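So the chains spell out like this:
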Amino acid sequence: MPVDLSGTWVLETNDNFEEYMKILNIDLVTRKIAAHLSQTKIIIQDEDKLTIKTLSTFRNYEISLTIGEEFDEYTKGLDSRMLKTRVSWEGDALVCTQKGEKANRGWRHWLEGDKLHLELYCEDVVCHQVFTRKQ
Ligand code: YOG
């Protein structure tokens, strides 16, 4: 376990989220609602087991996985696609690849000082989110 990302994190900045939602074919009305949501990320890291909950007043999303093992991900309530997903450490970054209909899809988490960073990418679009620890 290179670093411990565990904690409750609150979204502070959300660059290019609109473009990320568009590339996932999220409809206009849903995008308008989602764009201004406060998102809370709860990460529970226990050796090679990981749970990530993304919570909002509109929808919640949760994955549980074993680091290094591919699993079937269904993005229920998001873009509702089936993916073959794998999450691994690349140095101190937690890196996810999501194989499916969309090319170059995945995400990456890392720490910088007291902030949690997340890049969500799909095709040529990158959304950059920064979270701060909930007090
Ligand atoms: O997190 O993949 O931490 O799963 C991004 C949604 C918005 C619903 C959230 C609800 C992408 C409408 C998941 C927002 C846009 C828009 C709160 C980010 C899709 C639908 C759930 C994510 C990873 C890494 C762990």
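Residues numbered from 1 in each chain as written. Predicted model: local features only at pLDDT ≥ 70, side-chain atom pairs only at ≥ 80, totals over all residues. Heavy atoms only, no water.

### Remarks on empty space enclosed by the protein
Working step 1: Summed over the entire model, instances satisfying the criterion amount to one cavity of 30 Å³ or more.
Working step 2: Of the pockets and cavities examined, the largest cavity occupies roughly 610 Å³.
Working step 3: Elements with a contribution of two residues or more to the lining of the largest cavity: α1 (17-23), α2 (28-35), β3 (49-55), β4 (61-66), β8 (106-112) and β9 (115-122).
Working step 4: By residue class, the composition of the lining of the largest cavity is 16 nonpolar, ten polar and five charged. (1 Å grid on protein atoms, 1.4 Å probe; cavity = no way out; pocket = protein on both sides within 12 Å on 5 of 7 lines; lining within 4 Å. Points joined across faces, edges and corners; volume = space filled by probe spheres on them. Helix = DSSP H or I, 4+ residues; strand = E, 2+ residues; numbered from the N terminus. Nonpolar A, V, L, I, M, F, W, Y, C, P; charged D, E, K, R; others polar.)

### Quick look at the site of the ligand
Working step 1: Close contacts around the ligand come from 19 residues, with I26, K41, R59, Y61 and H109 the closest.
Working step 2: Contacts to the ligand include H109, whose side-chain N or O atom sits 2.8 Å from an oxygen atom.
Working step 3: Against a free-state accessible area of 620 Å², the protein chains account for coverage of 98% of the ligand.
Working step 4: Listed by contribution, the elements that provide at least two residues to the shell around the ligand are α1, α2, β3, β4, β8 and β9.
Working step 5: With three residues, α1 is the largest single contributor of residues to the shell around the ligand.
Working step 6: The class makeup of the residues in the shell around the ligand is twelve nonpolar, five polar and two charged. (Near = heavy atom within 4 Å. Polar contact = N/O pair within 3.5 Å; in protein donor to acceptor, adjacent residues only side chain to side chain. Areas by Shrake-Rupley, 256 points an atom, 1.4 Å probe, with all protein chains shown as cover.)

### Quick word on a negative patch on the surface
Working step 1: A cluster of acidic side chains, namely D46, E47, D48 and E69, defines a negative patch on the protein surface.
Working step 2: With respect to the element layout, D46 can be found in strand β2 (residues 40-46). (Patch = residues over 30% accessible without salt bridge, like charges linked within 9 Å, V, L, I, M, F, W, Y side chains within 5 Å. Salt bridge = Lys/Arg side-chain N within 4 Å of Asp/Glu carboxyl O. Lys, Arg positive; Asp, Glu negative; His and termini not counted. Charge placed at Lys NZ, Arg CZ, Asp CG, Glu CD.)

### Regarding the sheet that holds strand β7 (residues 93-99)
Working step 1: Overall, antiparallel pairing links the ten strands, which are arranged β4-β3-β2-β1-β10-β9-β8-β7-β6-β5 in an open sheet. Of all strands in the sheet, those bounded by a partner on one side alone are β4 and β5 (71-74). With strand direction ignored, the average angle separating the axes of adjacent strands in the sheet is 25 degrees. (Pairing = 2+ DSSP bridges. Axes fitted to C-alpha atoms, helices over the stretch in contact; angles between N-to-C directions.)

### Some remarks on α2
Working step 1: Residues T30, R31 and A34 constitute the buried set of α2. End-on view of α2: buried residues confined to an arc of 100 degrees, all on one side of the axis. Turned more than 90 degrees away from the buried face of α2, the exposed residues are V29 and K32.
Working step 2: Close packing links the buried residues of α2 with α1.
Working step 3: Its side-chain oxygen 3.2 Å from the backbone nitrogen of V29, D27 forms the N-cap of α2. (Buried < 20%, exposed > 50% of the residue type's maximum accessible area, 1.4 Å probe, protein only. Arc of directions from axis to C-beta. Contact = heavy atoms within 4.5 Å.)

### Section: the side chain of R81
Working step 1: The topology assignment puts R81 in the loop between β5 and β6 (82-90).
Working step 2: Classification of R81 as buried rests on a relative accessible area of 11%.
Working step 3: Within the structure, R81 has its side chain in polar contact with the backbone oxygen of L24 (distance 3.1 Å).
Working step 4: When sequence neighbours within four positions are dropped, the list of residues in contact with R81 reads L24, N25, E73, Y74, T75, E101, K102 and R105.

### A short note on a nonpolar patch on the surface
Working step 1: On the surface, V29, I33 and F58 cluster together into a nonpolar patch covering about 250 Å² of accessible area.
Working step 2: Within the fold, I33 resides in helix α2.

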